[in-house]
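# Secondary and tertiary structure notes
What follows is each chain in one-letter form.
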Amino acid sequence: MRDHIRLALLIALTTTLLAPSGTHAQETGPMEDWPDWVKEAMESEVRKVKFRTARMPVDTIGAKMAGKPEPVQAIEDGWYFLSDLKAGSPLECYIYTTALDLASLTNTLAENNIAAVARGAGGEIGVRNIHYTDAGVIDGLPYLALEWIYTVGTGAQTQVGFTKIRAAVKGDIAFACSHNYLGYRETFAKAFSGFIESVEYEIPTPAPYYEEISLLDYRGSGNGVIYVSFTEDEDGDIKIASTEASLIPVDASTLMTSDGITISYATPDGELINSISVAVQNGEIVSNLSLQRNDTGAWVSGGILQGKEIETELDGAIAPASELRLLTTARELFAGSETSVTLDMWVPAADPTRFLQSTLTRDDAEVAGQGKITLGPISYLGHFDENGNMTDAVVSIGPMTIDAERIWSAGNLVK
């Protein structure tokens, strides 16, 4: 196992777990049925990838591009980069200076590129297969990767297209690159990594005092990534932000995307102040829910759920656990003599109309730090460290099983 996953990761997982269903990269498109010349072309790579500074019209953002970049062009909410990579077609990259959903962005760019290839060839898309999905971290940014291989019919001739997309998002800035040509998969991966690592931009303040990135592995059915940050605001309260993005192939030619964001505020001792949660599936908002107290002190849970407006008043005497309190509780449980503890939690992806009881149970008689979390219909089995954080988690609901593992962090969670 590697490092530790925050307990809050398990709460964020419910956005994906409860979506309609149909870490490791998923190579979903076998090449056995493709012609030999396609297989050979897929092995093509550029021997040496050289990076050069891209000429920007502003000095607030800088970046380097693989190959020979052209002057950068301004686009709506960002910048467009074009470079000759000597890889059959140009390398295209983008910097967006606005908040974007990672999975939706990755899928939209792929669809736009596939359509552009078809238009350029003067034909129509025929057979198409998801060739590859992946997720990971580059220089502290979570990213997703998506590859499609497809045919383009142009009358009597059939051509083969191959589109590769990689995108990364953190806060109000997003990065993406695309390449449309058979092969050059490792070349493109290196070009994207180098682009991200070279980018210089202004970091918003206040910066998080702790942040982490975890991978989601759908065991052969897709990939996802979760980014979590803790930031102290000007009033001394703690802003806890969690964003999730997943690419889930439903079948060889159908991709489901899932994005989610949850932002909660808590007092330094862990008392929940308010929370908002938004879930997006296939680019469409399916829920936009919030929890806050009204003038009488009661909790009000409301918003949009599956296209319907809801509002429910919850018992104001209940103090639902924030993620800070979850961490403290887990730490105290494993340090003490009790075997389990139960907390009230607001989990909108499971049921926004009530507080769910979450039970943490020690199961460390034979395996140090092992424990189980039961949250409504969902159970998690993982390992905790001395800080109350999980080192890994296996989550099961119905036929779906997800492995979660933290792969990057910065700062100190326990202040």
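Residues numbered from 1 in each chain as written. Predicted model: local features only at pLDDT ≥ 70, side-chain atom pairs only at ≥ 80, totals over all residues. Heavy atoms only, no water.

### Regarding the overall build of the protein
Each helix and strand counted, the protein has 5 helices and 24 strands in total. Taken over C-alpha atoms, the radius of gyration comes to 23 Å for the protein, in line with the 22 Å a tight globule of 415 residues would show. The principal-axis extents of the C-alpha atoms in the protein amount to approximately 70 × 50 × 45 Å. Split by element, the accessible area of the protein, about 18700 Å² in all, is 47% carbon and sulfur. Positive and negative charge centroids in the protein, built from 29 and 57 side chains respectively, lie 8 Å apart. (Helix = DSSP H or I, 4+ residues; strand = E, 2+ residues; numbered from the N terminus. Rg over C-alpha atoms; globule rule 2.2 N^0.38 Å. Areas by Shrake-Rupley, 256 points an atom, 1.4 Å probe, with all protein chains shown as cover. Lys, Arg positive; Asp, Glu negative; His and termini not counted. Charge placed at Lys NZ, Arg CZ, Asp CG, Glu CD.)

### Overview of the side chain of T329
Topologically, T329 is positioned in helix α5 (residues 323-335). Classification of T329 as buried rests on a relative accessible area of 12%. Within the local environment of T329, its side chain forms a polar contact with the backbone oxygen of R325, the two atoms lying 2.8 Å apart. Each residue touching T329, except ones within four places of it in the same chain, is listed here: V341 and L343. (Buried < 20%, exposed > 50% of the residue type's maximum accessible area, 1.4 Å probe, protein only. Polar contact = N/O pair within 3.5 Å; in protein donor to acceptor, adjacent residues only side chain to side chain. Contact = heavy atoms within 4.5 Å.)

### Thoughts on the pattern of salt bridges
What the rule picks out here adds up to 8 salt bridges. R354 is the partner of D351 in a salt bridge, and the nearest nitrogen-oxygen pair spans 2.8 Å. As a salt-bridge pair, D364 and R362 come within 2.9 Å of each other at their nearest N and O atoms. For D364, a relative accessible area of 24% puts it in the partly exposed group. Given the relative accessible area of 22%, R362 is considered partly exposed. (Salt bridge = Lys/Arg side-chain N within 4 Å of Asp/Glu carboxyl O.)

### So, the pairing of strand β16 (residues 284-293)
Where strand β15 (residues 272-281) lies against β16, 7 bridges are found, and the strand directions are antiparallel. Within β16, the residue paired with I276 across the bridge is S290. Counting the residues in the hairpin turn of β15 and β16 gives 2 residues, including N282, whose phi is positive at 50°. Where β16 lies against strand β17 (residues 299-305), 7 bridges are found, and the strand directions are antiparallel. By the bridge assignment for β17, Q292 is matched with V300. Counted along the chain from β16 to the antiparallel partner β17, the turn is 5 residues long, and its residue G297 has a positive phi close to 95°. (Pairing = 2+ DSSP bridges.)

### Thoughts on helix α4 (residues 185-198)
The end-to-end C-alpha distance of α4, which contains 14 residues, comes to 20 Å, matching closely the 20 Å that a straight helix rising 1.5 Å per residue would cover. Taken residue by residue, α4 has T187, F188, A189, A191, F192, G194, F195, I196 and S198 as its buried positions. (Expected span 1.5 Å × (residues − 1).)

### Thoughts on unusual backbone geometry
Not every positive phi belongs to a glycine, and D77 is a case in point at roughly 60°. Tracing the sequence through the fold places D77 in the loop between β4 (73-75) and β5 (78-84). Judged by relative accessible area, which is 42%, D77 ranks as partly exposed. The phi angle at N282 is positive, at roughly 50°, despite the residue not being glycine. Along the chain, the position of N282 falls in the loop between β15 and β16.

### With respect to the nonpolar core
By size, the foremost hydrophobic cluster in this structure holds 37 residues, and its most contacted members are F230 and L324. Ignoring sequence-local partners within four residues, the contact set of L324 consists of Y209, F230, I238, I240, A266, T267, P268 and G270. The next biggest cluster of nonpolar side chains, apart from the first, holds 31 residues, and it includes A54, A63, A66 and F192. (Core = buried A, V, L, I, M, F, W, Y, C linked by side-chain atoms within 4.5 Å.)

### Some points on the pairing of strand β18 (residues 308-314)
Bridge count between β17 and β18: 7 bridges; the pairing is antiparallel. Bridge pairing in β18 links I304 to E309. Taking the residues that link successive antiparallel strands as the turn, the β17-β18 hairpin has 2 residues, and the phi of Q306 there is positive, at about 50°.

### So, a positive patch on the surface
Where like charges cluster on the molecular surface, the positive patch consists of K48, K50, R52 and K68. Within the element layout of this structure, K68 appears in strand β3 (residues 68-69). (Patch = residues over 30% accessible without salt bridge, like charges linked within 9 Å, V, L, I, M, F, W, Y side chains within 5 Å.)

### Some details on the packing of aromatic side chains
In total, this model carries 10 aromatic pairs according to the counting rule given. Consider the rings of Y94 and Y96, whose centres lie 5.7 Å apart with planes at 10°: the pair is stacked. For the pair shown, Y94 and Y96 are each scored as buried. Residues Y210 and F230 carry aromatic rings whose centres are separated by 6.4 Å and whose planes lie at 70° to one another, so their mutual orientation is edge-to-face. You can see Y210 sitting in strand β11 (residues 210-217) and its partner F230 sitting in strand β12 (residues 223-232), a full 20 residues away along the chain. For F230, a relative accessible area of 0% corresponds to the buried category. (Phe/Tyr/Trp six-rings, centres within 6.5 Å; stacked < 30°, edge-to-face > 60°.)

### Considering the confidence of the model for the protein
Considering every residue of the protein, the mean pLDDT works out to 89; 93% of them sit at 70 or more. Overall, residues 1-24 carries pLDDT values under 50, and its contacts beyond four positions in sequence, including any with other chains, amount to 101 contacts. (pLDDT = per-residue confidence, 0-100.)

### Things to note about the side chain of E147
Residue position: E147 is located in strand β8 (residues 141-154). Given the relative accessible area of 3%, E147 is considered buried.

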